[in-house]
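# Structural overview for review
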Amino acid sequence: SREQFAHCARALVEQTIRATKRALRDARLSTAEIDGVVLVGGSTRMPVARDAVRAYFGVEPLADIDPDQVVALGAAMQADVLAGNAGGDGWLLLDVCPLSLGIETMGGLVEKIIPRNSTLPTARAQDFTTFKDGQTAMSLHVVQGERESVSDCRSLARFVLRGIPPAVAGAARIRVSFQIDADGLLSVTAREQTTGVEAHVEVKPTYGLADDQITSMLQDAVGSGAQDMQLRSLREAQVDARRLLDATDAALAQDGHLLNEAETAAVRAVMFKLAEVLETEEDVQGLRVASAELSSATGEFAARRMNASIQQALAGRTVESL
């Protein structure tokens, strides 16, 4: 009977309504802001499906087009727009990026460049820099997903930017640009700002990605939000600590003569303490305290280095020449 059939189909209809609720939530829209609901697919002929739509939206669903043909008709109209025909004026089909896109940064973290639900086509860029002194190349790992750790996201592509001018860590400026066209093709370009050298890769982010996989990735992200933020805080503290240790070590190698043996030993002791915390503990607060101690211990050393640099720059010059 119709009642029995409706009972068998109810679970699937409810699943569809849940998907509709998620779409509205992501779009930050309420049911009152929806002008009309077009029924698509032969299954929408079922009275139980139409009743569910009517009950949720509070409007009569639009069923005046054959639900078996409506998708094909819409695709034909969109093709007309893409072909540039005048008949397509006034039509606009907006697609969105289902999952965030970004690149891997130090510490195995993800820096999201294009957030999920961004309307396509879209383009965004962000500047990055080097981590090591004298670094002349940068490996870029393009990932997809909502988690903070690269290991929990989907790897899309890897490429290398070479020809970065050697300089101190943090001096280089590499602009990473993400661009997604109307067909969903992602183009990633890394360009060094001073020399213009660049590297490029193209990838289809949705290739081989089923709807249930997208749903699973989103559910994982929602359920792991607090854990991911703790992980990000820890990894960022670890990266900052490593950067501070490397910078201090390089400064001692270059200008260690500005300190006496006792002062050098004191700085080395604080460096050793920070390195030990970095290797043996996974406590954000402990890392921050140890890093602050090293910054404090090297404050006088930094001042002496600055004075020495100024004296060297001014050597042999007169006040008038300045």
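Below or above, wherever it landed, is the structure these notes cover. In this text, all values refer to a predicted model and were calculated from it rather than measured experimentally.

Glancing now at the overall build of the protein. Looking only at helices and strands, the protein has 8 helices and 10 strands in total. Projected onto its principal axes, the C-alpha coordinates of the protein cover approximately 95 × 45 × 35 Å. Looking at the protein as a whole, 32% of its 322 residues qualify as buried. Carbon together with sulfur atoms contributes 53% to the accessible area of the protein, which is approximately 19400 Å² in total. Between the mean site of the 32 positive side-chain charges and the mean site of the 44 negative ones, the protein shows a separation of 1 Å.

Attention now goes to the pattern of salt bridges. On inspection of all chains with the given rule, the structure shows 19 salt bridges. Residue Arg45 is joined to Asp68 by a salt bridge in which the shortest nitrogen-to-oxygen separation is 3.0 Å. Separated by 23 residues along the polypeptide, Arg45 in the loop between α1 (2-26) and α2 (47-57) and Asp68 in the loop between α2 and α3 (70-82) bring together distant segments of the chain. Here Arg45 falls in the partly exposed class, since its relative accessible area comes to 44%.

Our focus in this paragraph is helix α7 (residues 284-297). A rise of 1.5 Å per residue sets the reference length of α7, with its 14 residues, at 20 Å; its end C-alpha atoms lie 20 Å apart and thus fit the reference within 8%. Within the sequence span of α7, burial applies to Val284, Gly286, Leu287, Ala290, Ser291 and Leu294. Across the axial projection of α7, the buried residues extend over an arc of 165°, all falling on one side.

Another aspect to go through is the packing of aromatic side chains. Tallied over the entire structure, the rule returns 1 aromatic pair. We note Arg305 situated over the ring of Phe301; from NZ or CZ to the ring centre the distance is 5.9 Å.

This part covers the sheet that holds strand β2 (residues 101-105). The antiparallel open sheet is built from 4 strands, whose spatial order is β3-β2-β6-β7. The two strands at the open ends of the sheet, each matched to only one other strand, are β3 (109-114) and β7 (154-162). Neighbour to neighbour, the strand axes of the sheet diverge by 30° on average, direction disregarded. Bridge count between β2 and strand β6 (residues 137-144): 3 bridges; the pairing is antiparallel. The residue bridging Ile103 from the neighbouring strand is Val142, located in β6.

Rules behind the numbers
Residues numbered from 1 in each chain as written. Predicted model: local features only at pLDDT ≥ 70, side-chain atom pairs only at ≥ 80, totals over all residues. Heavy atoms only, no water. Helix = DSSP H or I, 4+ residues; strand = E, 2+ residues; numbered from the N terminus. Buried < 20%, exposed > 50% of the residue type's maximum accessible area, 1.4 Å probe, protein only. Areas by Shrake-Rupley, 256 points an atom, 1.4 Å probe, with all protein chains shown as cover. Lys, Arg positive; Asp, Glu negative; His and termini not counted. Charge placed at Lys NZ, Arg CZ, Asp CG, Glu CD. Salt bridge = Lys/Arg side-chain N within 4 Å of Asp/Glu carboxyl O. Expected span 1.5 Å × (residues − 1). Arc of directions from axis to C-beta. Phe/Tyr/Trp six-rings, centres within 6.5 Å; stacked < 30°, edge-to-face > 60°. Lys NZ or Arg CZ within 6 Å of the ring centre and 35° of its normal. Pairing = 2+ DSSP bridges. Axes fitted to C-alpha atoms, helices over the stretch in contact; angles between N-to-C directions.

Function-wise, these values are silent; they only describe arrangement.
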